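Architecture at a glance
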Amino acid sequence: MSCRWLLGLRARGAGRRPAASPATLAFARETLGEGPAAWAVETAVWMTQEVIRQVPAYGGGRAPFETLRRSVEASVLTALTGLFLGVRPSPELVPVEAVEGNAELVRRGVPLELVLRGVRIGHACLHQRLMEAIDAEPGPVRLAESHRVSELLFSYADAHASRMAEEYIAERDRWQASTEAARRRIVDDILAGRRIDRETAGRTLGYEVARHHLAFVVAADELDTTAEVLRRFAAEVGRAVGGQGVLTVQAGPSDVWAWTAWPSPAGRGALEIRVPEGLRLAVGPVAYGVAGFRRSHLGAREAQDFLGEEVRLCRYADIRVRSLLAAGGERARWFAEETLGALLGGDRRTAELRETLRVYLASGRSPQRAADLLHVSRNTVSYRIKQAQELLGHALPDDLLELRLALEIARALP
């Protein structure tokens, strides 16, 4: 079979965790083997990056990237199996992951013309990579397969675009007629700083905006986490702080925006809650009224940027200085480099010395207090401070403002 070259496809780098559904991945592995499936996973990452680079509306953070990658990866796996089996493309063969990702683009307000442009870019990228693989084959295979693959991919792109357009229009009609869309429009107006009628907003949202708000974001590690799981945990957070009602809005396939509120700030309790495995929680500051609804949410979104593998709960109050300092971008980095010198090194040991110095200065230069906060001995703190000063190239200054600012910036830098 001239198409057996497909079985020789291999990933170029380290293996990437698949994003497509187990069913899509299993069929591809059974049909083609592990090597071509890994090639598809790797190629889909590059294709996703290319689509977002050329159509930025597709991107906007980890969740949109992973949603698109899931769609692209499933489409690549489906195309490879179709090419190997000689299946003629049709709209019905477009994978469910692509249809689900398409629905998410509708809810995010990405126009249909950009959706279809992304489809065209994706298929052009796949054609390029497949042609590169075919060019390495013997002459007869190269001649036969170049034409066959190009023809089939063109047909697949046409079928894919047709199905996506049909599904987009149907989902858009459903979405625009839904209560969720009406609530999302009110929330978007508030977050954009547009004027709203508070009574109308309250009725539509089922949530009174003339109160003291605490906004938070619940995010899932896995795209397959159901919205119900996210909303249920959001309700737990609301109860944990004594809030009167919780408003939730689905922000993406793995993110929920939420608010809870009190008539007066005195009713608020401390947030003591365990974040379940697989979820992350970012919490904003408490703020009042329509402006406070927006302010608290923006704080939660800033805190979300500091969530990571080892950080499952982040409060805006804990990162607001770092967030403010990091907003300077390149200038903030220059300031940190000029102030810290060798103490800005990227290795683990230097990071440990930086953190010790930061805690030491924040503790009023008390070695014992710093030792208690860092859970190390007082002598360890003293030794690390001495090493940190050696990297700085000078003793600690009397005016610590610039040094402390630089240490906070360093915590926010990637």
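Residues numbered from 1 in each chain as written. Predicted model: local features only at pLDDT ≥ 70, side-chain atom pairs only at ≥ 80, totals over all residues. Heavy atoms only, no water.

For the pair helix H3 (residues 62–85) and helix H6 (residues 139–177), interaxial distance at closest approach is 11 Å and the crossing angle is 135 degrees. Relative to H6, H3 is oriented oblique. Note on packing geometry: the crossing formed by H3 with H6 is right-handed. Between H3 and H6, the contacting residues are Ser75, Thr78 and Leu83 on the first element and Arg148, Val149, Leu152, Tyr156 and His160 on the second. (Axes fitted to C-alpha atoms, helices over the stretch in contact; angles between N-to-C directions. Helix = DSSP H or I, 4+ residues; strand = E, 2+ residues; numbered from the N terminus. Parallel < 35°, antiparallel > 145°, perpendicular 65-115°, else oblique. Left-handed = near helix turned anticlockwise from the far one by under 90°. Contact = heavy atoms within 4.5 Å.)

It is worth spelling out the sheet that holds strand S1 (residues 212–220) at this point. Reading across the sheet, the 5 strands line up as S2-S3-S1-S4-S5 and stay open at both edges, with mixed pairing between neighbours. Whereas interior strands pair on both sides, the edge strands pair on one side only; in this sheet they are strand S2 (246–252) and strand S5 (313–315). Across the sheet, the mean angle from the axis of one strand to that of its neighbour is 20 degrees, orientation sign disregarded. Docked against the sheet, helix H7 (residues 179–191) engages S2 and strand S3 (255–262), running at close to 90 degrees with respect to S2. (Pairing = 2+ DSSP bridges.)

Attention now moves to the nonpolar core. By size, the foremost hydrophobic cluster in this structure holds 55 residues, and its most contacted members are Trp5, Leu6, Leu80 and Leu130. Those elements that provide at least two residues to this core are helix H1 (22–32), helix H2 (34–54), H3, helix H4 (96–107), helix H5 (112–134) and H6. For this core, the element with the highest residue contribution is H5, accounting for 11 residues. Contacts of Leu80, omitting those with residues within four sequence positions, involve Leu6, Leu9, Leu32, Pro36, Trp39, Ala40 and Leu130. Formed by 25 residues, the second largest nonpolar core is a distinct cluster that contains Leu205, Val217, Ala300 and Cys314. (Core = buried A, V, L, I, M, F, W, Y, C linked by side-chain atoms within 4.5 Å. Buried < 20%, exposed > 50% of the residue type's maximum accessible area, 1.4 Å probe, protein only.)

Taking 1.5 Å as the rise per residue, H2 with 21 residues should run 30 Å; its terminal C-alpha atoms sit 30 Å apart, in good agreement. Counting buried positions along H2 yields 15 of 21 residues, so the element is predominantly enclosed. (Expected span 1.5 Å × (residues − 1).)

This next bit is on the packing of H3 against H4. Relative to each other, H3 and H4 sit at 150 degrees, their axes nearing to 8 Å. Here H3 lies roughly antiparallel to H4, going by the angle between them. Of the two possible hands of crossing, H3 and H4 adopt the one that is left-handed. Across the interface between the two elements, Thr67, Arg70, Ser71, Ala74 and Ser75 from H3 touch Glu97, Ala98, Glu100, Gly101 and Glu104 from H4.

This paragraph deals with the packing of aromatic side chains. By the definition in use, this model includes 2 aromatic pairs. Centroid distance Tyr207 to Phe293: 6.2 Å. Interplanar angle 65 degrees. Geometry classified as edge-to-face. Within this pair, whereas Tyr207 is found in the loop between helix H8 (198–205) and S1, its partner Phe293 is found in helix H10 (residues 289–304), the two being separated by 86 residues in sequence. Side by side, Tyr207 and Phe293 carry an identical accessibility label, which is buried. For the pair Trp259 and Phe293, a centre-to-centre distance of 4.2 Å together with 10 degrees between the ring planes defines the contact as stacked. Within this pair, whereas Trp259 is found in strand S3, its partner Phe293 is found in helix H10, the two being separated by 34 residues in sequence. For the residue pair Trp259 and Phe293, the accessibility class agrees, reading buried in each case. An aromatic cluster is defined as three or more aromatic residues linked by ring pairs; in this entry it consists of Tyr207, Trp259 and Phe293. Stacked on the ring of Trp46, the Lys or Arg Arg129 has its end atom at 3.9 Å from the ring centre. (Phe/Tyr/Trp six-rings, centres within 6.5 Å; stacked < 30°, edge-to-face > 60°. Lys NZ or Arg CZ within 6 Å of the ring centre and 35° of its normal.)

Turning next to the confidence of the model for the protein chain. For the protein chain, mean pLDDT is 88; residues scoring 70 or higher make up 97% of the total. Ranking the helices and strands of the protein chain by mean pLDDT puts S1 first, with 94, and helix H11 (residues 316–326) last, with 76. (pLDDT = per-residue confidence, 0-100.)

This part covers the pairing of S3. Taken residue by residue, a regular strand's side chains alternate between the two faces of the sheet. Most of S3 is tucked away: 8 of the 8 residues are buried. On S3, burial covers both faces: Asp255, Trp257, Trp259 and Ala261 on one face and Val256, Ala258, Thr260 and Trp262 on the other are all buried. Sheet topology note: the S1/S3 ladder contains 8 bridges and is antiparallel. By the bridge assignment, Ala219 is partnered in S3 with Asp255. For S2 and S3, the ladder comprises 6 bridges, and the chain directions are antiparallel. Among the inter-strand pairings, Gly252 is bridged to a residue of S3, identified as Asp255. What sits between the antiparallel neighbours S2 and S3 is a turn of 2 residues.

Along the chain, Val96 falls in helix H4. For Val96, a relative accessible area of 48% corresponds to the partly exposed category. Between the C-alpha atoms of Val96 and Ala74, which are 22 residues apart in sequence, the distance is 8.3 Å.

What follows deals with the pairing of S1. Within S1, 9 of the 9 residues are buried, which leaves the element mostly enclosed by the surrounding structure. Here S1 shows a buried face lined by His212, Leu214, Phe216, Val218 and Ala220 and a second buried face lined by His213, Ala215, Val217 and Ala219. Judged from the 8 bridges that link them, S1 and strand S4 (residues 279–288) form a sheet pairing that is antiparallel. Across the sheet, residue Phe216 finds its bridge partner in S4, namely Val283.

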